[in-house]
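Survey of secondary and tertiary structure
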Amino acid sequence: MIDLHTHSTCSDGTDTPFALVKKALAAGVTTLGITDHDSTAGWSEAITAIQPQIQLVLGAEISCLTTDGVSVHMLGLLFDGEHKEMQQMLEDSRDTRIPRMRKMIELLRADGIDISIEDVNRVAPTGSTLGRPHLADALVAKGIVASRDEAFLDLLHNESKYYVSHAAPTPVEAISVIRRAGGVAVIAHPFASRRGEILVPESFTDLLAAGLNGIEVHHRDQNAQEQKVLTDIARGLNLVVTGSSDYHGTGKLNSMAENTTHPAQWEMLESAANARRVITV
Ligand code: AMP
Ligand code: ZN
Ligand code: FE
Ligand code: FE
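The sections below set out a description of the structure shown in this document. Computed from a predicted model, the values in this text were never measured in an experiment.

A look at the coordination of the iron ion (ligand 4)
Metal coordination angles have textbook ideals: 109.5 degrees for a tetrahedral set of four donors and 90 or 180 degrees for an octahedral set of six. For the iron ion (ligand 4), the full set of protein donor atoms is His5 (NE2), His7 (NE2), Glu61 (OE) and Asp246 (OD), at a range of 2.1 to 2.2 Å. Around the iron ion (ligand 4) sit 4 donor atoms; with metal-centred angles ranging over 77 to 162°, the donor geometry is irregular. The metal-metal distance between the iron ion (ligand 4) and the zinc ion (ligand 2) is 4.4 Å. With His5 in the loop between strand 1 (2-3) and helix 1 (17-26) and Asp246 in the loop between strand 7 (240-243) and helix 10 (263-270), the pair connects residues that are 241 residues apart, well separated along the chain. According to the relative accessible area criterion, His5 is buried, its value standing at 0%. Under the relative-accessibility criterion, Asp246 is labelled buried at 1%.

Spelled out as structure tokens, the structure:
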């Protein structure tokens with residue numbers, strides 16, 4: 001079973017990288033992608049947890065913004081973790097997430113919602129990519145909302161008046177850097193309309209020209225109709241089709257390997273990296 005998109009405590013997941021690999025093993029996953037938001041911090045710990053039954057695909061989910069301001073997530077897999085330009089891009093995103101968090105808190109406070117940066121720092125694991133889920137956790141801890149989901153629905157969604165963006169590359173820039181770093185680029189849940197504005201189908205042509213390798217089609221935030229349209233786009237552009245859980249531990253309802261990638265599709269994807277970087281024992 002191949003699950004190429006999961007999160008650990010190095011971003012907004014609730015399992016440590018070690019526990020994430022162990023849970024994947026228990027769930028029968030044979031190829032696991034670890035893709036924390038804008039970070040490769042979990043890679044080394046995840047490697048210490050592998051066993052002969054499971055191989056690791058190291059990666060990151062890069063938060064992008066189109067020139068029209070649409071939020072897009074790009075999965076970079078199998079890239080060289082030492083690549084300077086790649087690490088700089090990830091660091092820029094993480095760095096601007098701190099002032100961005102302060103801004104969101106300021107806006108919430110101005111409306112009488114009693115939350116502080118200290119509350120957020122208390123719930124965000126050390127070294128994690130700071131994000132809205134941590135702000136949600138802080139709001140839950142203070143009894144302001146009941147769950148992460150409720151926090152997003154009421155206060156933190158993309159169209160909320162409390163939403164502030166952080167510095168982010170465009171999808172084309174992210175794809176270019178991933179490919180220059182030797183990896184492969186798969187656009188994550190491109191039609192996840194529940195979260196806000198989505199890409200128009202025409203934009204896939206530009207992404208293909210930039211070096212896009214695949215489309216995450218099978219994902220719980222895309223309905224059957226959306227998955228069908230994406231499958232057709234992938235076929236038309238000769239792009240790999242992936243499916244994945246986007247597992248976040250208890251941070252989201254997604255369960256490990258609830259969606260998976262077909263082995264033939266994975267083989268095609270893996271062969272497009274500039275070196276064999278899958279980690280085995
Ligand atoms: P940020 O990167 O700080 O803008 O936060 C975006 C992240 O929040 C996404 O990548 C998801 O992992 C997470 N997220 C979005 N909607 C929800 C939700 N309803 N419940 C929990 N997490 C969510
Ligand atoms: Zn996340
Ligand atoms: Fe995502
Ligand atoms: Fe994700």
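A short note on the pattern of salt bridges
On inspection of all chains with the given rule, the structure shows 13 salt bridges. Note that Asp119 and Lys142 form a salt bridge whose closest N and O atoms lie 3.3 Å from each other. On the criterion of sequence distance, the pair formed by Asp119 in helix 4 (residues 117-123) and Lys142 in the loop between helix 5 (132-141) and helix 6 (148-156) is long-range, its members being 23 residues apart. For Asp119, a relative accessible area of 8% puts it in the buried group. A residue is classified by how much of its surface remains accessible, and Lys142, at 37% relative accessible area, is partly exposed. Put simply, Glu270 and Arg276 hold a salt bridge, and the shortest N to O gap is 2.9 Å. Several salt bridges share partner residues, and in doing so they unite Arg109, Asp114, Asp119, Arg122 and Lys142 into one network.

Thresholds applied
Residues numbered from 1 in each chain as written. Chains lettered and ligands numbered in written order. Predicted model: local features only at pLDDT ≥ 70, side-chain atom pairs only at ≥ 80, totals over all residues. Heavy atoms only, no water. Donors = N, O, S within 2.8 Å, 3.2 Å for Na, K, Ca; no water. Tetrahedral: all angles 85-135°; square planar, octahedral: opposite > 155°, others 65-115°. Helix = DSSP H or I, 4+ residues; strand = E, 2+ residues; numbered from the N terminus. Buried < 20%, exposed > 50% of the residue type's maximum accessible area, 1.4 Å probe, protein only. Salt bridge = Lys/Arg side-chain N within 4 Å of Asp/Glu carboxyl O.

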